[in-house]
Amino acid sequence: MSTVRFGVLVSGTGSNLQAILDAIAAGSLAASVSCVISNRPEVKALERARAANVPALTIPHRDFPTREAFDAALVRALEEAGVDWIVLAGFMRVLTPVFLNAFAGRIINIHPALLPAFPGVNAAKQAFDYGVKITGCTVHFVDGGVDTGKIIAQQAVPVEPKDDLAALEARIHRAEHQLFVQVLRDIAAGHVVPFVSGG
Ligand code: GRF
């Protein structure tokens, strides 16, 4: 069986990407990252990829007249890299059918809340401001909505009485790193298979 090749899309810091790269380097994730693409230049995630000798490129969404044209450029680059699955690790763009159809059922995202609660941006802050006592993170398949795809795995994270938002976000991030890597292991092992809508 050949090793699964992941393409990772990022927009920022890339701590989840780092957790994935570290797991591969440590031999605890039998897979490879073939390509990292950012829609924003000079983000930390690109540095992390290059430090791990993973091809890393910027495809600025502002260079394209439409979302579809941007997505088509992403698809071309990812197909050239020969990726099997797409991992959204802090990627801040909504994908169109151009992208979703090209990698149908093989796109996953991580979200810093227990979906379906608190979708969208600033999810940890939304949960903190609401006053929930338990929040967490979710790995899910990506569909045309915002954080609406089928859930693959979740990890609960407590909100401690003395937490400020930064402390809570740090705890969620630590949980994300473990959960994401575990889901990628499950994909690499064939325990999570491409999602067929209605199937
Ligand atoms: C994570 O909290 C993830 O859930 C959200 O964006 C953040 C990315 O963090 N989608 P990082 O860039 O991996 O550090």
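As a reminder, the structure under discussion sits directly above these lines.
Residues numbered from 1 in each chain as written. Predicted model: local features only at pLDDT ≥ 70, side-chain atom pairs only at ≥ 80, totals over all residues. Heavy atoms only, no water.

A.B. asks: Even after reading the chapter, I still don't get the pattern of salt bridges, so can you show me in this structure?
C.D. replies: Side-chain pairs of opposite charge can arise where the charged atoms are in close proximity. Applying the stated criterion across every chain, the model contains three salt bridges. Across the pair Asp84 and Arg5 runs a salt bridge, and its minimum N-O distance is 3.2 Å. A residue pair is termed long-range when its members are at least 10 positions apart, and Asp84 in the loop between helix H3 (67-80) and strand E4 (85-88) and Arg5 in strand E1 (residues 4-10) qualify at 79 residues. Across the pair Asp163 and Arg171 runs a salt bridge whose closest N-O atoms are separated by 2.6 Å. Take Asp163: its relative accessible area is 12%, and that puts it in the buried class. (Salt bridge = Lys/Arg side-chain N within 4 Å of Asp/Glu carboxyl O. Helix = DSSP H or I, 4+ residues; strand = E, 2+ residues; numbered from the N terminus. Buried < 20%, exposed > 50% of the residue type's maximum accessible area, 1.4 Å probe, protein only.)

A.B. asks: Explain the pairing of strand E5 (residues 107-111) here, please?
C.D. replies: Along a regular strand, successive side chains alternate from one face of the sheet to the other. By the criterion of burial, E5 is predominantly enclosed, with five of the five residues buried. The alternating pattern of E5 places Ile107, Asn109 and His111 on one face and Ile108 and Ile110 on the opposite face, and all of these are buried. Here three bridges tie E4 to E5, and the two strands are oriented parallel to one another. Bridging across to E5, Val87 finds its partner in Ile108. One crossover worth recording links E4 to the parallel E5 by way of helix H4 (residues 97-102), and it is right-handed. One ladder, built from four bridges, connects E5 with strand E6 (residues 134-141); its direction is antiparallel. Within the sheet, the bridge partner assigned to Ile108 lies in E6 and is Phe141. (Pairing = 2+ DSSP bridges. Right-handed = clockwise from strand over helix to strand, strands pointing away.)

A.B. asks: Explain the nonpolar core here, please?
C.D. replies: Side chains of a nonpolar character, in soluble globular proteins, are inclined to be buried together. With 46 residues, the main nonpolar core has Val36, Ile108 and Ile187 as its most contacted residues. Among the elements that take part in this core, helix H6 (residues 165-188) stands out by supplying ten residues, more than any other. Once residues within four sequence positions are removed from consideration, Ile187 is found in contact with Val4, Phe6, Trp85, Ile108 and Val192. Core analysis: the next-biggest nonpolar cluster, separate from the first, contains 19 residues, Val75, Leu88, Phe91 and Leu95 among them. (Core = buried A, V, L, I, M, F, W, Y, C linked by side-chain atoms within 4.5 Å. Contact = heavy atoms within 4.5 Å.)

A.B. asks: How should the sheet that holds strand E2 (residues 31-38) be read in this particular structure?
C.D. replies: Whether parallel or antiparallel, the strands of a sheet pair through hydrogen bonds between backbone atoms. With respect to topology, seven strands assemble into an open sheet ordered E3-E2-E1-E4-E5-E6-E7, the strand pairing being mixed. Only two strands of the sheet have a single partner each, and these edge strands are strand E3 (56-58) and strand E7 (151-158). When strand polarity is set aside, the average angle formed by the axes of neighbouring strands in this sheet is 20°. Two elements, E1 and E4, share four bridges in a ladder whose sense is parallel. Note on E4: the bridge partner recorded for Phe6 is Trp85. Across the face of the sheet, H6 comes into contact with E1, E2, E4, E5, E6 and E7 while running at roughly 155° to E7. (Axes fitted to C-alpha atoms, helices over the stretch in contact; angles between N-to-C directions.)

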